[in-house]
Amino acid sequence: MILFDRVTKMYPNKSMALSGINVHIQPKEFVTIVGSSGAGKSTLIKLLTREEVQTSGKIIVGGVDYDTIEKGKVPHLRRRIGVVFQDFKLLPGRNVFENVAFALEVSGYRGREIKRSVPKVLQLVGLKGKDSNFPEELSGGERQRVAIARALVRQPKILIADEPTGNLDPKNAWEIIELLLKINRFGTTVLLTTHNKEIVNALKRRVITINRGRIAKDEEIGRYAI
Ligand code: ADP
């Protein structure tokens with residue numbers, strides 16, 4: 001469960017990114033977050049991953065009240081939330097297997113667990129047989145699959161996909177959306193931000209529209225018009 005209760009975020013330069021927003025997301029939901037550039041979407045995500053701290057209001061995720069987390073516990077919290085970005089953020093000098101394994105290595109997993117978990121997640125995202133390819137040898141869609149595999153390998157409860165299709169052609173974009181739906185069916189809460197109107201309309205899932213730091217709309221089935 002994700003709960004934002006009257007959450008406000010003002011950056012040090014007095015820029016008011018979010019003003020008193022209330023959001024309640026149930027486990028296993030698939031929620032799309034839309035809004036024009038500067039609306040506050042990234043700020044919402046950064047508050048969720050604790051990259052930024054709210055100015056006021058309450059954030060509770062999976063029963064954890066963010067006000068009570070000690071600094072040392074933040075990495076543990078982040079392990080429960082996977083994030084993928086528009087620009088993939090893969091390590092160019094590592095192959096597919098190593099990129100995914102890296103997420104486990106930094107969390108202190110051992111060789112045996114890595115050898116067991118990585119092939120499973122690569123199969124799930126449709127990258128079987130690509131283990132030893134380097135990012136530059138992959139298409140955009142495949143690169144995003146590696147990023148998704150890396151986000152999933154620690155079995156997060158929540159997957160945040162921040163404009164994951166922004167750099168992809170329509171066919172690859174759809175395949176990535178279908179993969180996110182499959183991951184959601186397996187029980188992971190998915191938060192997707194996108195500018196793509198066709199995707200939002202076709203998804204027919206809950207759509208939260210942010211406008212100038214406020215929730216402008218929160219609709220169960222989205223017919224979204226920019
Ligand atoms: P979006 O992701 O919807 O484009 P953001 O959350 O990035 O929106 O930005 C919301 C507002 O907060 C904008 O006015 C932006 O300029 C401001 N903002 C975002 N990040 C910072 C920051 N680190 N410092 C100051 N202002 C920021």
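A quick note: this is a predicted structure, and the numbers were derived from the prediction, not measured. (Residues numbered from 1 in each chain as written. Predicted model: local features only at pLDDT ≥ 70, side-chain atom pairs only at ≥ 80, totals over all residues. Heavy atoms only, no water.)

Chemist: Please provide a residue-by-residue account of the environment of alanine 151, values included.
Modeler: Here alanine 151 lies in helix α5 (residues 140-152). Residues alanine 151 and glycine 62, 89 residues apart in the sequence, show an inter-C-alpha distance of 18 Å. Setting aside its immediate chain neighbours within four residues, alanine 151 contacts Gly82, Val83, Val84, Pro156 and Leu159. (Helix = DSSP H or I, 4+ residues; strand = E, 2+ residues; numbered from the N terminus. Contact = heavy atoms within 4.5 Å.)

Chemist: I'd like a rundown of the pattern of salt bridges, residues and numbers included.
Modeler: Taken as a whole and judged by the stated rule, the model has 11 salt bridges. For the salt bridge of glutamate 142 with lysine 130, the shortest nitrogen-to-oxygen distance reads 3.4 Å. One end of the pair, glutamate 142, is in helix α5; the other, lysine 130, is in the loop between α4 (111-124) and α5, and 12 residues separate them in sequence. The salt bridge partner of arginine 145 is glutamate 175, with a shortest N-O separation of 3.3 Å. Taken together, the positions of arginine 145 in helix α5 and glutamate 175 in helix α6 (residues 170-185) put the pair 30 residues apart, joining distant regions of the chain. Three or more residues joined by partner-sharing salt bridges are found here, namely Glu29, Arg206 and Asp218. (Salt bridge = Lys/Arg side-chain N within 4 Å of Asp/Glu carboxyl O.)

Chemist: Quick one: what's the story with the domain arrangement of the protein chain, residue by residue and with numbers?
Modeler: Partitioning the protein chain into structural domains gives domain 1 (1-80 + 156-226) and domain 2 (90-155). The distance between the C-alpha centroids of domain 1 and domain 2 comes to 24 Å. Contacts between domain 1 and domain 2 engage 14 residues on the former and 12 residues on the latter. Across the interface of domain 1 and domain 2, roughly 1,200 Å² is buried in total on both sides, 68% from carbon and sulfur atoms. Sorting the residues of domain 1 by area buried against domain 2 places Arg79, Pro156 and Leu179 first, and these three jointly supply 40% of that buried surface. Summed over the shared surface of domain 1 and domain 2, the result is one salt bridge. In this structure, the connection of domain 1 to domain 2 is made through three residue pairs in polar contact (both at pLDDT 80 or more). With seven residues, α6 is the single largest residue contributor to the side of domain 1 that touches domain 2. In terms of residue class, the side of domain 1 that touches domain 2 is made up of nine nonpolar, one polar and four charged. (Domains from an automatic or database assignment. Buried area = accessible area lost by both parts, 1.4 Å probe. Polar contact = N/O pair within 3.5 Å; in protein donor to acceptor, adjacent residues only side chain to side chain. Nonpolar A, V, L, I, M, F, W, Y, C, P; charged D, E, K, R; others polar.)

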